[in-house]
Amino acid sequence: MYNSQLLNEAKAIEAKWSKTGLLKGLDNKYERETTAVMLENQRLFNEVSTDTSDIAQFKRISIPLVRRIYPQLIANKIVSVQPLLGPTGLVYYLRFRYSSNKGATQGQTLDAGFPSDDSVSLQQLASGDANLDIFYSSQFIQNETSSTYLSGTTASAYDPLQHTPVLAGTLTGTIYYGTTAIQTFTVSSAGTFTFTSIGSPANPVTAGTLDLTSGIVTFTWTTTTASSNYFVASYEYNMECNQDLPEVNLVVESEEIAAKTRKLKAVWSYEAQQDLRSQQNLDAEAELTAILAQEINLEIDREVLTDLRNNAGTVSVWDFNTALGDTIKEKYESLYVKVVEISNVVHRKTLRGGCNWIVTSPEVASIFETATAGFAPSPSETFTSSIGVQYVGTVSNRWRLYKDPLFPQGQILMGYRGDSYMDSGYFYCPYVPLTQTPVVLDPESFCPRKGILTRYGKKLLREGAKFYARLSIANFII
């Protein structure tokens, strides 16, 4: 309910600011909504500010400043953006979980929560490998572990199999005495057990029974058992008109996040302010405010990209000297093959899709721009004069390519961001776009001073590393 209210509020704010024309040019739905929320936050802070001449001047430039600078953040392109409506809040994201116990798959229950090791309840293992149970929706049960029967008897009656009625002639399994596998068995359609020894067990099972309706299995041992025992079975059960069907939960989870602060101050001379006003008709304070805001946003870009590089779940190396190919072009084509390979690894780990964006240095970007036949350059009107990360086009209609002049020269960062604002491994959560101090005139130097502040939160999810990959390039030649 809380998430639904936030979404409805964001849509209402987006409709309000659309009428101003400040959202024109923002085609992405979520980028429009998040920008609108930031503009609304800025408006609210402007209203409660002390209305001195300095603050009044800032009010005139702050809204257009937020609109000009905020959508240029790389976070809007490669990670999920969820604006905070207060200094603390929640970020929401999607997780898919198995809800039913089915064979080796142990599912989450809505009221009991996760098992202690929740890796088996997810569609991805904690190691990053896929954990998709290919039999989960079928009538086949693979590797179900029975209850453990204690020692001291010649007959073992186990708890019923988890899924019934069992189809005749489908039960097979392995019997364990203590922790040692001693026999395998099969059951015919007539209910006859056939046992095959593993090695030479001292106390093998000689007979067994199966109740197809209840799922109860019993074993008869040669002599009294001196150790606990159990079996691991695979079988099929009848799903027709059966309420016992496997279930998958689509869970919208949340994690707490708190806003952090960035501050920057500037100083300029009174003479420079007068000269700019008289010669260029420029306001030094407004120009410096824009520069400070842009500097802070460039630093946020660096922070987001550094977090993703440092926490990438897939790390690999491509070496120019050992790459296949006789010419430079052929070697660079092998780099493209490596990028495809890494993208597919991310697909395997997330089960959502391969990477759909790349951030790299201008030097490496030139390889994709010139040596890749499938490169489609960005239309010229999308190139802007803003400092920092720049979108340059798409590679093979699969990856959006961004080049960053401050990015490490021999590295490539790749990642996946889904269509939903919740389908990402990293969240950037802006709160206060821009807040400034009044201009203070230093009596000793006679230089005006002012400061600017922004507040935001960020969060890498527990499984967020799976969404990102880092490729290092050795012996790079351009």
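In this text the structure is predicted, and so the values were computed from the model without any measurement.

1. Thoughts on the overall build of the chain
Scanning the chain for helices and strands turns up eight helices and 22 strands. Considering the chain as a whole, with its 478 residues, one finds that 47% of them fall into the buried category. A separation of at least 24 residues holds for 72% of the contacts in the chain among residues at least 6 apart in sequence. Surface accessibility of the chain: about 23,000 Å² in total, with carbon and sulfur atoms responsible for 53%.

2. What to know about the confidence of the model for the chain
Averaged over all residues, the pLDDT of the chain equals 81, while 83% of them reach at least 70. Element-level mean pLDDT values for the chain span from 53 in helix α3 (residues 53–69) up to 96 in strand β7 (residues 193–197). Throughout residues 50–59 the model reports pLDDT below 50, and contacts reaching past four residues in sequence, or to other chains, amount to 21 contacts. Predicted confidence for residues 381–385 stays below pLDDT 50, and this span has six contacts to residues more than four positions away or in other chains.

3. Looking at the sheet that holds strand β18 (residues 411–415)
Spatially, β13-β22-β18-β14-β17-β16-β15 is the arrangement adopted by the seven strands of the open sheet, whose pairing is mixed. This sheet does not close on itself; its edge strands, each paired only once, are β13 (314–319) and β15 (375–377). Taken pair by pair, the neighbouring strands of this sheet meet at an average axis angle of 25°, ignoring direction. Here β13 pairs with strand β22 (residues 468–474) via six bridges, running parallel. Looking at the pairing, V317 lines up with S472 of β22. Each of β13, β14 (357–360), β16 (390–395), β17 (399–403), β18 and β22 is contacted by helix α7 (residues 328–350), which is oriented at about 170° to β13, the strand it contacts most. In this fold helix α8 (residues 362–371) packs onto β14, β15, β16, β17, β18 and β22, with an angle of close to 140° to the strand it touches most, β17.

Calculation rules
Residues numbered from 1 in each chain as written. Predicted model: local features only at pLDDT ≥ 70, side-chain atom pairs only at ≥ 80, totals over all residues. Heavy atoms only, no water. Helix = DSSP H or I, 4+ residues; strand = E, 2+ residues; numbered from the N terminus. Buried < 20%, exposed > 50% of the residue type's maximum accessible area, 1.4 Å probe, protein only. Contact = heavy atoms within 4.5 Å. Areas by Shrake-Rupley, 256 points an atom, 1.4 Å probe, with all protein chains shown as cover. pLDDT = per-residue confidence, 0-100. Pairing = 2+ DSSP bridges. Axes fitted to C-alpha atoms, helices over the stretch in contact; angles between N-to-C directions.

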